[in-house]
Amino acid sequence: MKSKNHLVAFLGFFLIFSFGFLVLSNFSLAQKKPSRIQNTHPEVRWKGFELHKKMQTSSTFANLNWQFLGPTNVSGRCTDMAVVTPKGKNYTIYVATASGGIWKTENEGTIWEPIFDQEMSTSIGDIAIAPSDHNIIWVGTGEANIFRSSHPGCGIYKSIDGGKTWEHLGLTDTNTIARIIIHPKNPEVVYVAASGHEWTFNQERGVFKTTDGGNSWSKILYVNEQTGAIDLVMDPRDPETLYAATWQRIRKKWNDPRNEPDYTGSGIWKTTDGGKNWKPANNGLPEARFRGRIGLDLCLKKPEVLYALVDNYEVSREPTEEERMDAYGLPATGIIKGATVYRSDDGGESWKLTAPTTEAMKKYLENHSGTYGWVFGQIKVDPSDPETVYILGVPMSVSRDGGKTFNRVPNLYHVDHHGLWIDPDNSNYLVNVNDGGLEISYDGGQHWKNTRETLPVCQFFNINYDLDTPFHVYGSMQDHGSYRAVVDLSRGRNQIRPVEFDRAPGGEGSHHAIDPTNPNIVYSCGFYGNLTRTDLSKSGPDRSKLIVPRVYPEEPKLRGQWLAHFIISPHNPNIIYHGMQYVFRSLDRGDTWERISPDLTYFNPAETGDIPYHTITSISESPLKYGLIYVGTDCGRASVTRDGGKNWKEITEGLPYQKWVSRLVASQHELGTVYLTQQGRFDDDFVPYVWMSRDYGKTWIDISKGIPLGPVNVIREDPIDKNILYLGTDLGVYVSKDRGKTWNVLGGNLPSTYVHDLIIHPRDNMIVIATHGRGMWVLDADPVNEKPKKARRRYFDD
């Protein structure tokens, strides 16, 4: 789909740099500023998804099966759970995952079965079981925690047979759903708290109600198009009485959802007539401008007792020098109060601060969720004891004195916590979900059973490979770090077994590149561009070396993306290209660097915040010509140099306005051919953007026809057949055998999953994908590219 808006005429002039008199020819300073494409209509999304399902069954490659590679020893982020009661008679648990669908166990986690993995979105915000009928299950799609790797949902689903079948029942454009409450006696009455779009304003947010089992919905609480509902609780004595928490927020490409001075929408509301009328219930809470995300809960035994966990944005002090950089390398602009706990003993009529009221608790709660209080925000009260309350964050903490003092809950596998269920008949039985999976305690939280080895929902960002025998694949996982695994073909190309993954160099957001001549030399890029070279054959201080390029103090600070991109040159394994806002080149494996480009982004000082933006997201050097380099950015700019960085040219003519460049791939078969994909996730835009140029990016051909839905995360060219292309999208994998004229779904058994990256191993001809929610999968490429008998060429790329 070509934008109707085009670039301003290229400006021809010479831009001289003090570092080396680089010439910048035909490089326009900015695109025209048309309206950015945003907010794909929900009907368009559904039509695209229906077409995808048809393509699955009609595909030429439907008989090919993907093989799950693993990991078998790492799980992933879970957002909620629903437990069938009473315990002792039932051992069934449903778990909602951030991007791996719904899973069910009938034996408390010994075996899990995926029961919601063929839908348009497998990002789950909440799950609820009808108290009057345990076969009725409601699922709200779209993780409401809106972390950096969250994905949008597509509304609400219902099952009446314990998860065997599902029916979509609307609210598609909510994109995130935080809570579902089902009437205790009438399962036709359901309330939904929807927090709305993550990146853009929309009106389908707030509290919704159905009285006919989801056939129709009424919006019963609405504040504005930037404020949604983030929590909801019902009085067990009176199902007409509910409390809702609203949260005003927007996520920007350069900032997390922080409070802004004019915000007034975040607060607590109460209804006593089933949502017909609501009144604010904020007496005693912080001022509206300081109220961020709010978690709510009440005590089932004594429901007039409520607790609220308020992410308080009032600045308490200036940061120390050590605090100016948080755990993720981001500048701290001020230390806010953060986690604050309030209690009401009169059904929300008034609130009193219970913590922090001492210096010790102030320090403890200030750091309870780092700088990410908006990611967590859950509070849970013991059903039988109003004095026992848990708050979820980093870590999970418990108070046994009515919310005055909190201590860390011990012995949990992971530290990032998103959900807790307390058995109403036995407060010692706890079920917790976190970034490491689901955990169960039988002794009130003293010890835990973890299900990470049976719940395979880890979230990979990326993938790369080495040329060892057998070869390894590398990838980084959300909140787990970097791992690698062997792809063992010794049993046969279609007999690959799931394996445990081993730790690898790098962090949770790291690209990898492995020296093609020495598989022990691994390059990994940690948070925001911190590049490291590791020699796996060594130990001790000589094993790894930080090789980040440097700038002079008077120069602009370097900006690197969360997954800052870098590559090994396909012409010389000692040459490294590293992308920040500039391209750096090293001729000696990163020991020294030279800057070979100007700022290749549309940098705008007004778009500067806590998250680096206007950064390089993709680099590709032509395997056919040294120095022919393509670069793409998160702000939609694409550039090319044909002389190793002496001259750069912008090549965005005809591309949509400022859409994130997810991948640029220089053809290994034809010198002037290059492929480019863009994704609109950060505009709530689900259009597929896939482009090919045969003249070095001067003109672009739209080859997205036949791809029913985006976002598109990656494109790869087959190493054997120049006509074969592969795409990874938020639904699966597609293949074209005619350079994008037509497309087929690749494989017949892959769940609906977010394919963030893929590789085709050039020697062994195996396709491996990295999914964000279902681990890694492998497919034999021989039936796809009809491997010739001659030896395969070696191809080294990103």
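Here, the structure is the one placed above.
Let us look at the structure shown here.

Definitions and limits used
Residues numbered from 1 in each chain as written. Predicted model: local features only at pLDDT ≥ 70, side-chain atom pairs only at ≥ 80, totals over all residues. Heavy atoms only, no water. Buried < 20%, exposed > 50% of the residue type's maximum accessible area, 1.4 Å probe, protein only. Helix = DSSP H or I, 4+ residues; strand = E, 2+ residues; numbered from the N terminus. Pairing = 2+ DSSP bridges. 1 Å grid on protein atoms, 1.4 Å probe; cavity = no way out; pocket = protein on both sides within 12 Å on 5 of 7 lines; lining within 4 Å. Points joined across faces, edges and corners; volume = space filled by probe spheres on them. Nonpolar A, V, L, I, M, F, W, Y, C, P; charged D, E, K, R; others polar. Axes fitted to C-alpha atoms, helices over the stretch in contact; angles between N-to-C directions. Core = buried A, V, L, I, M, F, W, Y, C linked by side-chain atoms within 4.5 Å. Contact = heavy atoms within 4.5 Å. Arc of directions from axis to C-beta. Expected span 1.5 Å × (residues − 1). Salt bridge = Lys/Arg side-chain N within 4 Å of Asp/Glu carboxyl O.

### Side note on the pairing of strand 44 (residues 638-641)
- Side-chain alternation along strand 44 places Ala-638 and Val-640 on one buried face and Ser-639 and Thr-641 on a second face that is also buried.
- Examined bridge by bridge, strand 43 (residues 629-633) and strand 44 share 4 bridges and lie antiparallel to one another. Directly across from Tyr-630, in strand 44, lies its bridge partner Val-640.
- When strand 44 meets strand 45 (residues 649-650), the two strands line up antiparallel, connected through 2 bridges. Opposite Val-640, over in strand 45, you have Lys-649 as the bridge partner.

### Quick word on unusual backbone geometry
- With omega at 15°, the peptide bond leading from Val-394 into Pro-395 counts as cis.
- Along the chain, Pro-395 turns up in the loop between strand 23 (389-392) and strand 24 (396-399).
- Looking along the chain, the bond that leaves Gly-710 and enters Pro-711 is cis, with omega of 0°.
- By the secondary structure assignment, Pro-711 is in the loop between strand 49 (701-702) and strand 50 (712-717).
- With a phi close to 60°, His-614 is a non-glycine residue in the positive phi region.
- Note on placement: His-614 falls in the loop between strand 41 (594-595) and strand 42 (616-621).

### What to know about the layout of surface pockets
- Its volume calculated, the largest pocket comes out at about 1200 Å³.
- As for the largest pocket, its lining consists of 37 residues, and the residues nearest its centre are Ile-129, Pro-131, Ile-181, Leu-300 and Trp-421.
- Those elements that place two or more of their residues in the lining of the largest pocket are strand 2 (78-83), strand 6 (124-130), strand 10 (177-182), strand 14 (227-235), strand 18 (291-298), strand 22 (378-381) and strand 26 (417-423).
- Class assignment for the residues of the lining of the largest pocket results in 24 nonpolar, 6 polar and 7 charged.

### What about the sheet that holds strand 10?
- If you trace the 4 strands from one edge of the open sheet to the other, you get 10-11-12-13, paired in antiparallel fashion. Because the sheet does not close on itself, it has two edges, and the strands there are strand 10 and strand 13 (218-221). Averaged over all neighbouring strand pairs, the angle between strand axes comes to 25°, with direction disregarded.

### Some remarks on the nonpolar core
- Tyr-94, Ile-102, Ile-127, Val-139, Leu-727 and Tyr-734 are the most contacted members of the largest nonpolar core, which has 35 residues in total.
- Within the residue set of this core, elements represented by two or more residues are helix 1 (42-58), strand 3 (93-97), strand 5 (113-116), strand 6, strand 7 (133-141), strand 48 (689-693), strand 50 and strand 51 (725-729).
- If sequence neighbours within four positions are ignored, Ile-102 has contacts with Val-95, Ala-96, Glu-113, Pro-114, Ile-115, Phe-116, Ile-124, Ile-127 and Val-139.
- Counting 25 residues, the second-largest nonpolar core is a separate cluster that includes Leu-298, Leu-306, Val-310 and Tyr-313.

### Some thoughts on helix 2 (residues 359-366)
- Buried within helix 2 are the following residues: Met-361, Leu-365 and Glu-366. In a view along the axis of helix 2, the buried residues occupy a sector of 130°, so they form one face of it. Exposed residues lying more than 90 degrees from the buried face of helix 2 are Glu-359, Ala-360 and Lys-363.
- Where helix 2 is buried, its residues touch strand 19 (306-317), strand 20 (335-344), strand 21 (352-355) and strand 23.

### So, the environment of Tyr-602
- By the element assignment, Tyr-602 lies in the loop between strand 41 and strand 42.
- Considering only alpha carbons, one finds Tyr-602 and Ile-767, 165 residues apart in sequence, at a separation of 35 Å.

### Section: helix 1
- For helix 1, which comprises 17 residues, the first-to-last C-alpha distance of 25 Å matches the rise-based estimate of 24 Å (1.5 Å per residue) to within 8%.
- For helix 1, the set of buried residues is Pro-42, Arg-45, Trp-46, Gly-48, Phe-49, His-52 and Met-55.
- Where helix 1 is buried, its residues touch strand 8 (156-159), strand 9 (167-168), strand 52 (733-736) and strand 53 (744-745).

### Side note on the pattern of salt bridges
- Within the structure shown, the criterion is met by 41 salt bridges.
- Taking the shortest distance from any N to any O, the salt bridge between Lys-279 and Glu-349 comes out at 3.0 Å. With Lys-279 in strand 17 (residues 279-280) and Glu-349 in the loop between strand 20 and strand 21, this residue pair connects regions lying 70 residues apart in the sequence.
- By relative accessible area, which is 39% here, Lys-279 ends up partly exposed.

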